[in-house]
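# Structural overview
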Amino acid sequence: MRARVAALLVAATAAIGVTVGGASDADASRWWSHVQFLADDALEGRDTGSPGYRRAADYVAGLWRKAGLEPAFSGQFVQTVAFKTRQIDESRSSLALVRDGRVEPLSLGEDAYFSLRVDPAAEVNAPLVFTGHGLDIPEAQINDLAGLNLKGAVAVYFSTQPSSLPGTLQAHFGSSAERWRMLRAAGAIGTIAVPGARRLEVPWSRSTSARLQPQMSLAEPALDEYPDQRIAVTMNPERADKLFEGSGHTLSELMEADQSGKPLPRFVIPARVKASIAVTRSTIQSENVAGVLRGSDPKLRGEAVVLSAHLDHVGIGEPVAGDKIYNGAMDNASGVAAILEVAARLHESGERPARSIVFVAVTGEEQGELGSRYFVAHPPAGMTIVANVNTDMFLPLFPLKTLMVLGLEESDLSTDVRAVAGTLGLTVQSDPEPQRNRFTRSDQYSFVRSGVPALAMKVGYNANSYEAMIAQEWTSERYHLPSDDLNQPVDMKAATDFVNVVHQLAVRIANRSIRPNWNDSSFFKRFR
Ligand SMILES: [Zn+2]
């Protein structure tokens with residue numbers, strides 16, 4: 001932890017009177033005890049497939065049993081998910097631009113890096129085409145690919161979105177998998193993504209350090225999101241000028257156009273990309289852990305309301321200030337602890353709502369929401385998933401007064417969340433920063449894409465407020481860093497209030513007379 005921010009956070013917590021460390025409230029201390037177990041150094045950051053993750057999975061399975069849940073998968077709490085892993089060997093790899101036969105090597109790590117979310121070819125030599133944002137969205141009258149010949153080409157794009165797109169569409173089409181679907185259909189064989197300046201939530205040096213870690217994809221071929229992609233490169237936006245040399249365009253001109261919302265030109269880049277990509281491939285298994293609170297209504301108990309939270313984090317990585325364990329206390333031991341607590345409270349109260357409630361701690365979220373994707377494709381036998389409430393990094397850093405609801409405008413689950421918030425005296429807000437694409441950046445999106453109405457919630461704040469600043473400081477100083485550990489200020493009351501919201505909401509949804517549905521105005525109803 002850096003001193004300036006430490007001082008700021010401590011001052012902030014003193015000012016708003018939060019509890020630091022232990023809690024007086026029994027519920028809060030039980031929630032916190034789960035966080036303490038899961039984020040302990042002994043679990044080594046719960047990397048997907050690691051021994052530390054397996055210990056976490058055993059812990060969760062034990063608590064599902066203790067809460068009286070039925071095993072979700074033919075007598076087992078555990079669903080084994082098979083992954084392919086790929087790790088770049090940069091010492092045997094190279095990346096270069098070739099102009100008029102002149103080879104200009106790019107430095108891996110500094111100029112660019114290979115993304116191994118895709119399973120790349122060993123050698124690639126292909127023409128380059130700048131495709132603007134690389135989007136083809138007929139309903140928004142956007143087609144960046146029209147008139148371009150992308151057959152056999154590597155598409156270069158800004159991974160920002162046009163500001164004319166509504167927030168949810170930005171979120172949906174912001175994913176590299178969605179872009180690949182469009183670019184593949186146009187004949188491209190690979191991509192070079194240039195993160196726009198606006199997109200740099202995590203500084204280049206930090207995002208690039210993860211490139212040497214193994215990347216994963218689901219082993220089941222039907223669930224591969226990047227079929228036929230032969231190369232995926234992420235370019236350092238500060239070095240991306242090299243791409244546009246000789247094209248008649250400069251990076252700063254293009255970025256300026258993008259930031260001021262002007263249409264981007266699209267053009268053939270007078271260069272080829274030449275790459276050798278050396279990859280160490282392996283396979284690994286990791287577990288989703290799920291239990292079922294069987295519904296009381298024989299007609300409705302085949303319908304499942306799924307409470308999800310990802311159990312994995314990013315494991316052991318680059319040391320920061322001498323600490324190499326990325327504990328993931330808020331991301332997302334906190335969310336798993338929340339649904340563990342909901343299960344326990346339901347058990348203790350003896351409540352049994354009409355529909356079934358399925359509690360699932362999923363693996364592989366940090367690898368691209370893979371465990372939840374697998375779970376949705378392979379739900380518990382005899383169950384139809386009718387709603388999902390996901391909890392990921394809900395950030396109890398200050399009192400819960402406003403509930404931030406991702407997906408609030410999309411389905412009639414908004415009625416339930418507003419009713420619950422109302423009885424608890426909370427106001428409800430949608431994402432105050434839609435440009436961060438939070439709705440599509442966690443496991444709820446695996447449910448959304450398979451047609452299931454879903455929500456995710458966080459402790460809310462208003463843009464430009466004191467709380468917004470605390471949340472922003474948290475993101476820059478702790479998000480995906482070893483300092484997201486047990487030594488950070490947490491508002492225990494906010495955490496237990498949040499657990500209460502999830503509890504009430506799950507029960508309310510499970511008791512609805514009518515199955516949840518997408519709003520007619522929702523973009524996402526297409527997946528139904
Ligand atoms: Zn994360």
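Our structure is the block above this text.
Predicted model, so just to flag it, every value in this text is computed and none were measured.

### Regarding the pattern of salt bridges
- Applying the stated criterion across every chain yields a total of 25 salt bridges.
- With a closest N to O distance of 3.8 Å, E225 and R373 form a salt bridge. Here R373 lies in helix α10 (residues 370–377) and E225 lies in the loop between β11 (215–218) and β12 (231–235), a separation of 148 residues in the sequence.
- In the salt-bridge network here, residues are joined through shared partners; they are R30, E341, R345 and E348.

### What to know about unusual backbone geometry
- With omega at 5°, the peptide bond leading from D331 into N332 counts as cis.
- Along the chain, N332 falls in helix α9 (residues 329–349).
- Non-glycine residue R46 carries a positive phi angle of around 50°.
- In this fold, R46 is placed in the loop between α2 (26–38) and α3 (51–66).
- One non-glycine residue, D228, adopts positive backbone phi at about 65°.

### Remarks on the nonpolar core
- Core analysis: the largest hydrophobic core is formed by 124 residues, its most contacted members being W31, W64, F359, F375 and M457.
- Examining the composition of this core, we find that twelve residues originate from one element, helix α14 (residues 492–510), more than from any other.
- Setting aside anything within four residues of it in sequence, one finds W64 in contact with L69, F77, V289, A290, G291, I339, L340, A343, F359, V360 and A361.
- By size, the runner-up hydrophobic cluster in this structure holds 37 residues, among which are A126, V156, F244 and A275.

### A look at the pairing of strand β9 (residues 154–158)
- With five of its five residues buried, β9 lies for the most part within the structure.
- Of the two faces of β9, the one carrying V154, V156 and F158 and the one carrying A155 and Y157 are both buried.
- Two strands pair when backbone bridges link them, and strand β6 (residues 123–130) and β9 are joined in this way by three bridges, in the parallel orientation. In the sheet register, L128 faces β9, and the bridge partner there is V154.
- As judged from the five bridges shared by β9 and strand β10 (residues 190–194), these two strands associate in the parallel manner. By the bridge assignment, Y157 is partnered in β10 with A193.

### A few points about the packing of aromatic side chains
- For the structure on display, the rule yields 22 aromatic pairs.
- Seen in terms of ring centroids, W31 and W32 are 6.0 Å apart; in terms of plane orientation they differ by 35°. Their pairing is tilted.
- On the basis of relative accessible area, W31 is assigned to the buried category, the value being 0%.
- Given a relative accessible area of 7%, W32 falls into the buried group.

### Points about the sheet that holds strand β13 (residues 267–276)
- Spatial ordering of the open sheet is given by β4-β3-β13-β6-β9-β10-β12-β5, a layout of eight strands whose pairing is mixed. Among the strands making up the open sheet, the edge pair consists of β4 (102–106) and β5 (112–114). Taken pair by pair, the neighbouring strands of this sheet meet at an average axis angle of 30°, ignoring direction.
- The pairing of β6 with β13 spans eight bridges and is antiparallel.

### Here's the deal with the pairing of strand β2 (residues 78–88)
- Sheet topology places β2 next to strand β14 (residues 279–293); eleven bridges connect them, and they run antiparallel. Note that in β14 the partner of T80 across the bridge is E287.
- Examined bridge by bridge, β2 and β11 share four bridges and lie antiparallel to one another. Its bridge partner being in β11, T85 is matched across the sheet by M216.

### Focus: the packing of helix α11 (residues 413–423) against α14
- Their axes nearest at 9 Å, the elements α11 and α14 cross at an angle of 135°. Accordingly, the angle class assigned to the pair α11 and α14 is oblique. Along this stretch, α11 crosses α14, giving a crossing that reads as right-handed. Contacts between α11 and α14 involve L413, T415, D416, V417, A419 and V420 on the former and, on the latter, V501, Q504, L505, R508 and I509.

Rules used throughout
- Residues numbered from 1 in each chain as written.
- Predicted model: local features only at pLDDT ≥ 70, side-chain atom pairs only at ≥ 80, totals over all residues.
- Heavy atoms only, no water.
- Salt bridge = Lys/Arg side-chain N within 4 Å of Asp/Glu carboxyl O.
- Helix = DSSP H or I, 4+ residues; strand = E, 2+ residues; numbered from the N terminus.
- Core = buried A, V, L, I, M, F, W, Y, C linked by side-chain atoms within 4.5 Å.
- Buried < 20%, exposed > 50% of the residue type's maximum accessible area, 1.4 Å probe, protein only.
- Contact = heavy atoms within 4.5 Å.
- Pairing = 2+ DSSP bridges.
- Phe/Tyr/Trp six-rings, centres within 6.5 Å; stacked < 30°, edge-to-face > 60°.
- Axes fitted to C-alpha atoms, helices over the stretch in contact; angles between N-to-C directions.
- Parallel < 35°, antiparallel > 145°, perpendicular 65-115°, else oblique.
- Left-handed = near helix turned anticlockwise from the far one by under 90°.

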